[in-house]
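Letter by letter, the chains look like this.
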Amino acid sequence: MADLILHHYPTSPFAEKIRCVLGFKKLPWKSVFIPPVLPKPDVVALTGGYRRTPVLQIGADIYCDTALICDVLEHLAPVPTLYPPLHKGMARTLAQWGDTTLFWTSMAHNFQGKGLADLFGGDAAQGKAFGDDRKAMNFNMTRLRPQDATGAYKSYLRRLSETLGSQDFMMGEVPTLADFSLYHPLWFTRVRTPSQAGILELTPSVVQWMDCISAIGHGTA
C-alpha cells in the first residue's frame, strides 16, 4: 500500500479528528503541514480547488472531507472498526451532528473574549486574516451570537454527559466514529482556547472521556 500522507496543520480540529482515527487504527502515516489560511497554492493545485483541512493522500489518490477519509481508512484497516454493526447508524448520525452543530456552536463560544487572545495573542493582523478567510469560506452561514452559543454549548455538553453515563465511550466500551467526531470541537476548546475551557469542567464525565480519546494518541507520524 502507498504511504498515507496527511496534509494538515497542528491546530486544525478536523485534522485532530483524523489524527486520532489514525492512532486508533494504528496506521503509519506521514505528515505535510499546510497553511491555515489562503493562499494555499500547493493545496489548491493538489485538490483541484478544495481548500479545507485536512486532506489525505494515498499515492495519486486525494481524499477530501473527514467523513470520506474515515470511510477510506475503515476500508484499509477494518479492525478496529469505526462502525460496529449494532451502532453503525447511530455512530454516523452522532458524527454528523458533532461535525456540524456541535462544531459551530463550540467555535462561536471559543471565538469570544480571551479566546481570540489565546489563538492570536496580540497579533491583530493574524486574527483579521483568519477571520476574513473563514468568513469567505462560509459566507452564507448563519452564526450564533456568542452568548447564545455558550448556553447551547453547555446544554450539548450535558447531553453528552448523559449519553456517556458510566461508559468509557459514547457507544460503550470501545470508541466509534461518533467519539472522534464529538471529540475534536471540544479538543479545540481545551487546547487552543484554554481561557474558554472552563465550560468543560461543568461535565466531569465528558472531561474523563476526552482523556480516554487523547490517550489513544496519533499513531506513528
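Our subject in this report is the structure included herewith. (Residues numbered from 1 in each chain as written. Predicted model: local features only at pLDDT ≥ 70, side-chain atom pairs only at ≥ 80, totals over all residues. Heavy atoms only, no water.)

### A few points about the overall build of the chain
What counts here: Each helix corresponds to a stretch of at least 4 residues labelled H or I by DSSP, and each strand to a stretch of at least 2 residues labelled E; elements are numbered beginning at the N terminus. With C-alpha atoms as the basis for the radius of gyration, the globule rule is written as 2.2 Å multiplied by the number of residues raised to the power 0.38. With a 1.4 Å probe rolled over the protein chains alone, any residue whose accessible area is under 20% of its type maximum counts as buried; one over 50% counts as exposed, and the rest are partly exposed. In what follows, a contact means two residues having at least one pair of non-hydrogen atoms within 4.5 Å.
For the chain, the count of helices and strands is 9 helices and 4 strands. Reading the chain from its N terminus to its C terminus gives the helix and strand order β-α-β-α-β-β-α-α-α-α-α-α-α. Taken over the C-alpha trace, the chain has a radius of gyration of 17 Å; the compact-globule value for 221 residues is 17 Å, and the two agree within 12%. Burial status across the chain gives 48% buried among its 221 residues. Counting contacts in the chain only where the partners sit at least 6 residues apart, residues at least 24 apart contribute 73% of the total.

### Topic: the sheet that holds strand S1 (residues 4–8)
The criterion, for reference: Strands pair, by our definition, only if DSSP identifies at least two bridges between them. Orientation is described by axes fitted as lines to C-alpha atoms, over the contacting stretch for helices, and by angles from 0 to 180 degrees between their N-to-C directions.
One open sheet accounts for 4 strands, arranged S2-S1-S3-S4; its pairing is mixed. Here the strands that pair on one side only, and so sit at the sheet edges, are strand S2 (30–33) and strand S4 (61–64). In this sheet, neighbouring strand axes are inclined to one another by 25 degrees on average, regardless of whether the strands run parallel or antiparallel. In the sheet, S1 pairs with S2 via 4 bridges, with the strands oriented parallel. Looking at the pairing, Leu6 lines up with Ser31 of S2. Helix-sheet contacts for helix H3 (residues 66–76) involve S1, strand S3 (55–58) and S4, and the interaxial angle to S3 is about 35 degrees.

### Some points on the side chain of Arg19
How we decide: Between N or O atoms, a polar contact is any pair within 3.5 Å; within protein, one atom must be a potential hydrogen donor and the other a potential acceptor, and residues adjacent in sequence are included only when both atoms are from side chains.
Within the fold, Arg19 resides in helix H1 (residues 13–24). A polar contact of 3.0 Å, which involves the side chain of Arg19, links it to the side chain of Glu16. Beyond its immediate chain neighbours, meaning those up to four positions away, Arg19 contacts Leu6, His8, Tyr9, Pro10, Ser12, Trp29, Trp187, Gly217 and His218.

### A look at the environment of Val43
With respect to the element layout, Val43 can be found in helix H2 (residues 41–47). For the pair formed by Val43 and Val55, sequence separation is 12 residues and the distance between their alpha carbons is 8.6 Å.

### Describing unusual backbone geometry
A cis amide bond links Leu38 to the next residue, Pro39, at an omega of 5 degrees. Mapped onto the fold, Pro39 is located in the loop between S2 and H2. Thr53 connects to Pro54 through a cis peptide bond whose omega is 5 degrees. Considering the arrangement of structural elements, one finds Pro54 in the loop between H2 and S3. In this structure, Lys26 takes a positive phi of about 55 degrees despite not being glycine. Assignment of secondary structure puts Lys26 in the loop between H1 and S2.

### Quick notes on the packing of aromatic side chains
Rule in force here: Two aromatic rings, drawn from Phe, Tyr or Trp (for Trp, its six-membered ring), form a pair once their centres lie within 6.5 Å of each other, and the interplanar angle then sorts them: stacked below 30 degrees, edge-to-face above 60, tilted otherwise. Think of it as a cone above the ring: NZ of Lys or CZ of Arg counts as a charge over the ring if it is within 6 Å of the ring centre and within 35 degrees of the ring normal.
What the rule picks out here adds up to 6 aromatic pairs. Here the aromatic rings of Phe24 and Phe180 are separated by 5.4 Å at their centres, their planes lie at 50 degrees, and the arrangement is tilted. Residue Phe24 is located in helix H1, and its partner Phe180 is located in helix H8 (residues 177–192); the two are separated by 156 residues in the primary sequence. Given a relative accessible area of 0%, Phe180 falls into the buried group. Residues Tyr183 and Trp209 carry aromatic rings whose centres are separated by 6.3 Å and whose planes lie at 80 degrees to one another, so their mutual orientation is edge-to-face. Taken as a pair, Tyr183 in helix H8 and Trp209 in helix H9 (residues 204–216) lie far apart in primary sequence, 26 residues in all. When sorted by exposure, Tyr183 lands in the same class as Trp209, which is buried. Sitting above the plane of the Tyr83 ring, Arg92 keeps its charged end 4.2 Å from the centroid.

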